[in-house]
Amino acid sequence: MNLTKFKSIISETPDDLKEEVRLSMDILDRIHELLEKKFNGKQKLLADKLGKSEAEVSKWLNGVQNFTIKTIAKLEIAFGEQIIAVATGADNSTFEQCTHRYSSKNTRIEVGLYGDLDQVQSVVFESQPTYGITNADSITLHSNLADA
Amino acid sequence: MFVEFEKIHDLSTTKLCFYTIKVNKHALTEFEKFDAKDFLNHPEELAILYNIITEMGVRGAKPHYFKNESSAEALPIVSYSIMSQNKKDFGLRLYCKLLTDSIVVLLNGDIKTMQNPRSCPKVSSHFNLALKVGSALDKLIQNKELNLTSNNPLSECIIEL
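Residues numbered from 1 in each chain as written. Chains lettered and ligands numbered in written order. Predicted model: local features only at pLDDT ≥ 70, side-chain atom pairs only at ≥ 80, totals over all residues.

Quick notes on the nonpolar core
Residues and elements named next belong to chain B. Rule in force here: Joined through C-beta atoms within 7 Å, a set of buried Ala, Val, Leu, Ile, Met, Phe, Trp, Tyr and Cys residues constitutes a nonpolar core. In this scheme the burial state of a residue depends on its C-beta neighbours within 10 Å: 20 or more other such atoms mean buried, 12 or fewer mean exposed, and anything in between means partly exposed; the C-beta positions come from the backbone. In this description a helix means any DSSP run of H or I spanning at least four residues, a strand means any run of E spanning at least two, and both kinds are numbered starting from the N terminus. A pair of residues counts as a contact when their C-beta atoms, built from backbone coordinates, are separated by no more than 7 Å.
Counting residues in hydrophobic clusters, the biggest one holds 58 residues, and the most contacted among them are Leu49, Ile52, Leu94, Cys96, Val104, Leu106 and Leu107. Considering every element that reaches this core, the biggest residue donor is helix H2 (residues 43-59), with 7 residues. In contact with Leu107, not counting residues within four places along its chain, are Thr20, Ile21, Glu30, Phe31, Tyr95, Cys96, His126, Leu129, Ala130 and Val133.

Listed below in structure tokens is the structure:
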């Protein structure tokens, strides 16, 4: 399949735009996680809590948006939980460090000849696109390992 | 009209399998036709669209990344600040079908020039095809003729529209 333009656009996309897309999707995922947790996934309940129309709230909940601090603050108050955290070294910050994005933890357990636990090894790896050319074999190997 | 499905190996990941379709054994798939187009006035939207697709490969396909279009979906949904860069149209549309969080069919699209996609000379044919493919797939799933949990579920799938 010839997707020359796709590959060149991805490689030429400025890093700040890539980061904008990634952050927007992170925020969107977090908002939907909280919508499910706090309002059983019902946009109407969130709209009522915010005193806004469902149509207006729906715009915030779908697609890559340019969220303002004001909107995020309103949503955080409505959910009663944080949507974003700021990376800072300050002692009084609420920042929680996340080192692995979308990571999976697989544990390989080998049982010895007499049923004894021979070896336990945990592997944490970040999900990555393969683009059909990277070492997909090693990823297959990991997914075949028994989950902890 | 015969529709065959083809896996997009270049974009598929361990989390998400992207497919596209070939209509009546055309040399190019629908997504290749989309990729070959020039959207000279919408470079940022196209970059956002392609980066969303790439990022979905990392985190899986979630319904809130898509705009629902009856039996199909569309990408991207971008903020009004980006949309307003082109006041003459309604922005870029790539029609697709979200089957599960790990299976997405990418179709074709163009610049939407009218509010109603059925009236838009540029996207109406792509929109209509997406709806037809979408409902045909929905019917197959409903009739349990398509097992989405199997390995490479659409590889052997041919539908007549």
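A short note on the sheet that holds strand S4 (residues 72-75) of chain B
Residues and elements named next belong to chain B. This is how the line gets drawn: Strand pairing follows a simple DSSP-based rule, namely that at least 2 bridges must link the two strands. Orientation is described by lines fitted to C-alpha atoms, with helices fitted over the stretch in contact, and by angles between N-to-C directions that extend from 0 to 180 degrees.
The mixed open sheet is built from 7 strands, whose spatial order is S3-S4-S5-S6-S2-S1-S7. Every other strand in the sheet has two partners, leaving strand S3 (67-69) and strand S7 (158-160) as the edge strands with one partner each. Averaged over all pairs of adjacent strands, the angle between their axes in this sheet comes to 35 degrees, without regard to strand direction. Bridging between S3 and S4 involves 3 bridges; their strand directions are antiparallel.

Points about the packing of helix H3 (residues 43-50) of chain A against helix H4 (residues 54-61) of chain A
Residue and element names in this part refer to chain A. To be explicit about the condition: With respect to orientation, any angle under 35 degrees is reported as roughly parallel, any angle over 145 as roughly antiparallel, any angle of 65 to 115 as roughly perpendicular, and every other angle as oblique. Note on convention: the crossing is left-handed when the near helix lies turned anticlockwise from the far helix by less than a right angle, right-handed when the turn is clockwise. The classification used treats Ala, Val, Leu, Ile, Met, Phe, Trp, Tyr, Cys and Pro as nonpolar, Asp, Glu, Lys and Arg as charged, and all other residues, Gly among them, as polar.
Two numbers describe how H3 lies on H4: the axes approach to 9 Å, and their chain directions differ by 110 degrees. Between H3 and H4, the angle falls in the class roughly perpendicular. Regarding H3 and H4, the two cross each other, and that crossing is right-handed. Contacts between H3 and H4 involve Gln43, Lys44, Leu46, Ala47 and Leu50 from the former and Glu54, Val57, Ser58 and Leu61 from the latter. Residues belonging to the contact of H3 with H4 are distributed by class as follows: 5 nonpolar, 2 polar and 2 charged.

Topic: the confidence of the model for chain B
Interpreting fine coordinate detail is not advised for predicted regions of low pLDDT. The criterion, for reference: Residue-level confidence of the predictor is what pLDDT reports, using numbers from 0 through 100.
Looking at chain B, pLDDT values average 92 and 96% of them are 70 or higher. Among the prediction metrics, the complex's ipTM stands at 0.89, with pTM recorded as 0.80.

Quick look at the environment of Val21(A)
With respect to the helices and strands, Val21(A) occurs in helix H2 (residues 15-39). C-alpha separation for the pair Val21(A) and Met1(A), spaced 20 residues apart in sequence, amounts to 26 Å. Each residue touching Val21(A), except ones within four places of it in the same chain, is listed here: Val64(A), Ile48(B), Asn51(B), Ile52(B) and Glu55(B).

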